[in-house]
Amino acid sequence: MKNILVSWYGITDLRCSFGFESSGPLIAAMRATHYQQVHVLQYVAENKTATDEEVSEAAMGLLCNISPAQFINKVSNTPAANQHFLKWLIDKAAAENQNSEIIGHEVHLKQLNDSDGIYNAAVSILDEITTEPDIAVTLDISPGTAVMAFVWAFAALRYPGVNIRLITSPRINCPPEEVAIPQGLRQQAESARRTGCCVPSFRGTKNAFASGREGVPGKEARIYHLAPVFSKYHERFCAEQHD
């Protein structure tokens with residue numbers, strides 16, 4: 001079976017690539033499990049620019065008159081930083097004897113939490129990889145924003161016949177943990193497929209996530225506050241089942 005990891009990369013991952021952090025969630029996930037293929041989604045902010053020279057100098061430890069935090073804020077989500085991170089990840093994986101094919105996908109969004117753009121990017125990559133037979137897909141929900149995390153969970157429901165799991169890294173320098181999609185969401189998705197009828201709202205989503213996320217700190221524990229946005233994607237999901 002071919003193991004495939006799909007993930008955005010986030011600020012902690014980028015900081016790690018410049019040596020400002022000891023580890024990041026993406027490289028931690030790759031260290032915990034061997035994946036034959038890794039797909040990295042890379043957000044591109046339209047209003048930000050950085051030169052290859054700026055990024056290269058920082059990679060060599062040559063920051064002048066700027067703090068690491070200021071530098072990361074300046075270059076993050078730019079093509080130059082994305083290229084640097086992808087090269088770093090490929091080199092890091094090779095140095096650690098991980099025989100993984102690593103593929104980057106730049107994604108242009110209207111804004112950081114452009115939920116439609118994030119959903120379209122998630123579905124596009126999953127549509128591409130799920131055409132392969134005998135695969136196991138892992139979606140890492142830690143890198144990126146809370147919106148990116150919940151979209152992974154929702155997009156995964158589109159592929160009931162595919163072996164898909166979600167993981168998160170709630171603590172740095174610790175192996176990632178598997179996360180279950182709340183049973184209530186799975187049941188609603190199955191009901192939509194089976195009957196063609198959709199539950200009109202996600203009133204129970206907040207409670208489902210709250211009970212399912214007990215003891216998990218940070219962004220993942222706050223996903224359930226996005227229930228109103230889930231309603232929008234629930235309607236979209238139902239429509240897609242009827243196409």
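Quick look at the structure, then. The structure displayed is predicted, hence computed values, not measured ones.

Notes on the packing of aromatic side chains
Throughout the structure, instances matching the rule amount to 4 aromatic pairs. Ring centres of phenylalanine 18 and phenylalanine 20 lie 6.0 Å apart, and the angle between their planes is 25°; on these two criteria the pair is classed as stacked. These aromatic residues form a ring-pair network of at least three members: Tyr9, Phe85 and Trp88.

Concerning helix H4 (residues 68–75)
The periodicity of an α-helix, 3.6 residues per turn, causes residues three or four places apart in sequence to face the same way. Those residues of H4 that sit buried are Phe71, Ile72 and Val75. Seen along its axis, H4 keeps its buried residues to an arc of 95°; they face one direction. For H4, exposure combined with an orientation more than 90 degrees from the buried face picks out Ala69 and Asn73. Remark: asparagine 77 follows H4 within two positions and exhibits a positive phi of approximately 65°.

Looking at the packing of helix H2 (residues 25–32) against helix H5 (residues 79–95)
Packing of H2 against H5 leaves a shortest axis separation of 12 Å and a crossing angle of 25°. If you check the angle between H2 and H5, you find them roughly parallel. Viewed along their axes, H2 and H5 form a crossing whose handedness is right-handed. The residues of H5 that touch H2, namely those facing Leu26, Ile27, Met30 and Arg31, are Phe85, Trp88, Leu89, Lys92 and Ala93. Residue classes in the contact of H2 with H5 are distributed as 7 nonpolar, no polar and 2 charged.

Cut-off values and rules
Residues numbered from 1 in each chain as written. Predicted model: local features only at pLDDT ≥ 70, side-chain atom pairs only at ≥ 80, totals over all residues. Heavy atoms only, no water. Phe/Tyr/Trp six-rings, centres within 6.5 Å; stacked < 30°, edge-to-face > 60°. Buried < 20%, exposed > 50% of the residue type's maximum accessible area, 1.4 Å probe, protein only. Helix = DSSP H or I, 4+ residues; strand = E, 2+ residues; numbered from the N terminus. Arc of directions from axis to C-beta. Axes fitted to C-alpha atoms, helices over the stretch in contact; angles between N-to-C directions. Parallel < 35°, antiparallel > 145°, perpendicular 65-115°, else oblique. Left-handed = near helix turned anticlockwise from the far one by under 90°. Contact = heavy atoms within 4.5 Å. Nonpolar A, V, L, I, M, F, W, Y, C, P; charged D, E, K, R; others polar.

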